[in-house]
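Structural description and commentary
What follows is each chain in one-letter form.
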Amino acid sequence: MKTLFFSIAALSLMGALLIGAGNALSDYDGRYSHEDDDDRWEHMMRRSTGVYARPNPTYTEECGSCHIAYPPGLLPADSWRRIMSSLQDHFGDNAELDQATNQEIMTFLLTYAADNSSYRRSQRMMTAVKGASTQPLLRITDNPYFRHEHHEISPRLLKQSGAASMSHCNACHQRAEQGSFSEREIVIKGIGRWDD
Amino acid sequence: MKRLPVLFSIAVLMNTAMAANPAAGNAGAGQQLWTAEHEVKDETRSCTTCHTADPRQGGKHIRTGKAIKPLSPAVNPSSLTDEKKIEKWFRRNCKWTMGRECSVREKADIMAFLKSN
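Let's shift gears to the overall build of chain B. A count of helical and extended segments in chain B gives 5 helices and 4 strands. Moving toward the C terminus, one meets the helices and strands of chain B in the order α-α-β-β-α-β-β-α-α. Sorting the 117 residues of chain B into buried and exposed places 18% on the buried side.

This part covers the overall build of chain A. Secondary structure assignment for chain A yields 8 helices and 2 strands. Of the regular secondary structure in chain A, the N- to C-terminal order runs α-α-α-α-α-α-α-α-β-β. Counting every position in chain A, which comprises 196 residues, the buried fraction comes to 22%. Intrachain contacts of chain A at a sequence separation of at least 6 include 60% that bridge at least 24 residues.

All names here are of chain B. Structurally, Ala53 can be placed in the loop between α3 (48-51) and β3 (59-60). Measuring from C-alpha to C-alpha, the distance between Ala53 and Ser79 comes to 17 Å, with 26 residues separating the pair along the chain. Every residue in contact with Ala53, bar those within four places of it in the chain, is listed here: Thr35 and Thr48.

What follows concerns the interface of chain A and chain B. The partner chain B presents 9 residues to the 9 residues of chain A that form the contact. Class assignment for the residues of the side of chain A that touches chain B results in 3 nonpolar, 4 polar and 2 charged.

A few words on helix α4 (residues 83-98) of chain B. Residue and element names in this part refer to chain B. A rise of 1.5 Å per residue sets the reference length of α4, with its 16 residues, at 22 Å; its end C-alpha atoms lie 21 Å apart and thus fit the reference within 8%. Within α4 the residues assigned to the buried category are Arg92, Cys94, Trp96 and Thr97. Where α4 is buried, its residues touch β1 (38-40) and β2 (43-45).

The residue B:Glu87 is located in helix α4 in this model. B:Glu87 sits 20 residues away from B:Lys107 along the chain, and the two C-alpha atoms are 9.1 Å apart.

The subject of this paragraph is the nonpolar core. Counting residues in hydrophobic clusters, the biggest one holds 18 residues, and the most contacted among them are A:Leu74, A:Ala113 and A:Ala114. Elements supplying a minimum of two residues to this core: α3 (57-63), α4 (77-84), α5 (99-111) and α6 (120-129) of chain A. If sequence neighbours within four positions are ignored, A:Leu74 has contacts with A:Val51, A:Ala114, A:Met125 and A:Ile140. By size, the runner-up hydrophobic cluster in this structure holds 10 residues, among which are B:Trp34, B:Ala108, B:Ile110 and B:Met111.

For the rest of this paragraph, the subject is the confidence of the model for chain B. Residue and element names in this part refer to chain B. Across chain B, pLDDT averages 88, with 80% of residues at or above 70. Confidence, read as mean pLDDT per element, is least for helix α1 (residues 3-20) in chain B (56) and greatest for helix α2 (residues 27-35) (98). Interface scoring of the predicted complex returns ipTM 0.72; its pTM is 0.74.

Attention now moves to the packing of α4(A) against α5(A). All names here are of chain A. At their nearest, the axes of α4 and α5 sit 9 Å apart, and the two run at 165° to each other. As the angle between them shows, α4 and α5 are arranged roughly antiparallel. Considering only the axes of α4 and α5, their crossing is right-handed. In this structure, α4 uses Ala77, Trp80 and Met84 to contact α5, whose residues at the interface are Asn102, Ile105, Met106, Leu109 and Leu110. Split by residue class, the contact of α4 with α5 holds 7 nonpolar, 1 polar and no charged.

Glancing now at unusual backbone geometry. For residues other than glycine, phi is negative in most cases, and the peptide bonds are mostly trans. With phi around 55°, A:Phe91 is a residue other than glycine that occupies positive phi space. Structurally, A:Phe91 is set in the loop between α4 and α5. On the neighbour-count criterion, A:Phe91 (14 C-beta atoms within 10 Å) is partly exposed. Of note in the backbone geometry, B:Lys41 takes a positive phi value of approximately 50° without being a glycine. Its location among the elements puts B:Lys41 in the loop between β1 and β2. Accessibility expressed as a C-beta count within 10 Å gives 9 for B:Lys41, which makes it exposed.

The residue B:Cys94 is located in helix α4 in this model. Setting aside anything within four residues of it in sequence, one finds B:Cys94 in contact with B:Arg100, B:Glu101 and B:Cys102.

A separate point is α2(B). Residue and element names in this part refer to chain B. Every buried residue of α2 is listed here: Gly30, Leu33 and Trp34. Looking straight down α2, one finds its buried side chains confined to an arc of 105°; they lie on one side. Seen from the buried face of α2, the exposed residues on the opposite side, beyond 90 degrees, are Gly28 and Thr35. Next to the buried residues of α2 lie α3 and α5 (104-115).

About the cut-offs
Every residue gets a number counted from 1 within its own chain, in the order that chain's sequence is written. Chains carry letters and ligands carry numbers; both start at the beginning, A for chains and 1 for ligands, and go up in the order they are written. The predicted nature of this model means local features are confined to residues of pLDDT at least 70 and side-chain atom pairs, given and counted, to a pLDDT of 80 or more, with totals for whole chains, interfaces and linings taken over all residues. Secondary structure elements are defined from DSSP: runs of H or I of at least 4 residues count as helices, runs of E of at least 2 residues count as strands, and each element is numbered from the N terminus. Partly exposed residues are those whose C-beta has more than 12 but fewer than 20 other C-beta atoms within 10 Å; 20 or more makes a residue buried and 12 or fewer makes it exposed, with C-beta atoms placed from the backbone. Placing a C-beta atom from the backbone of each residue, one calls two residues in contact when those atoms lie within 7 Å. For this classification, the nonpolar set comprises Ala, Val, Leu, Ile, Met, Phe, Trp, Tyr, Cys and Pro, the charged set comprises Asp, Glu, Lys and Arg, and every other residue, Gly included, is treated as polar. Expected helix span is taken as 1.5 Å per residue step, with the number of steps being one fewer than the number of residues. We call a set of buried Ala, Val, Leu, Ile, Met, Phe, Trp, Tyr and Cys residues a nonpolar core when their C-beta atoms link them within 7 Å. What pLDDT conveys is the predictor's confidence in a given residue, as a value from 0 to 100. Axis definition: a line fitted to C-alpha atoms, limited for helices to the stretch in contact. Angles are taken between N-to-C directions and run from 0 to 180 degrees. Note on terminology: angles under 35 degrees are roughly parallel, angles over 145 are roughly antiparallel, angles of 65 to 115 are roughly perpendicular, and the others are oblique. The sense of a crossing depends on the near helix, which, turned anticlockwise from the far helix by less than a right angle, makes the crossing left-handed and, turned clockwise, makes it right-handed. It is the directions from the helix axis to the C-beta atoms that the arc portrays.

Here is the structure:
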């Protein structure tokens, strides 16, 4: 009697597991069978490893000629305001824009600045400068979160990577301009893939 | 002595003609401007700092390292075609390179030099 009882119990347990696994598998299939879900999946991944990046032709044209068009989510709105109002001396370079273009770009940057972003890296950037009594940072590379994330990059390694400076994101982050900073996408010249 | 006013008038007329027709630049003068060095903010700067001396060659932004396409229309057909763009870059880059804006004459000469290459 006891044996029969255990057999039934074991069988039902196995059955439950199988059904469970079956459900999980169909979920898995479902996730990849629809394009919408596919987008959502990628979106979710980007939220945790990237910042919001939306191409803006004016921004790319005007700001992306001299350096990569930094995704707006890499800086707080206050920083963008300071940058856009001092373009005549833009880190030692003259990057003046006519008023209409300046306004258009400013609107774009402020809309997608780190402040209200739901992307993790933007939020971390914001947390890192929260409560700071100094003027808003002008350089992404001065943000404490940025520095923390790059503390392993020695000057020697930077030189080897071929980057002109730490602001040359795409020397290592292959999809920086698309707002993607996943560790799996890091390739450093002379070293190859970067594994933390 | 009597000739002086005449010469002066001719000079003024020529200047006006140049201003009215910026296409009539002098390529030789343009080349001199292109390679001239200027001391700005304790740095020696020149057009060639980023663009190299040869307009047929691509350059490299001195600070960011970003590649700059050749300016010579002979090798880069889309170069120097957009009036607004030309003025924007002259304004920015003359100020950086020379510490002041370029005159109409200077811009015409530089354009002539770039187009002749």
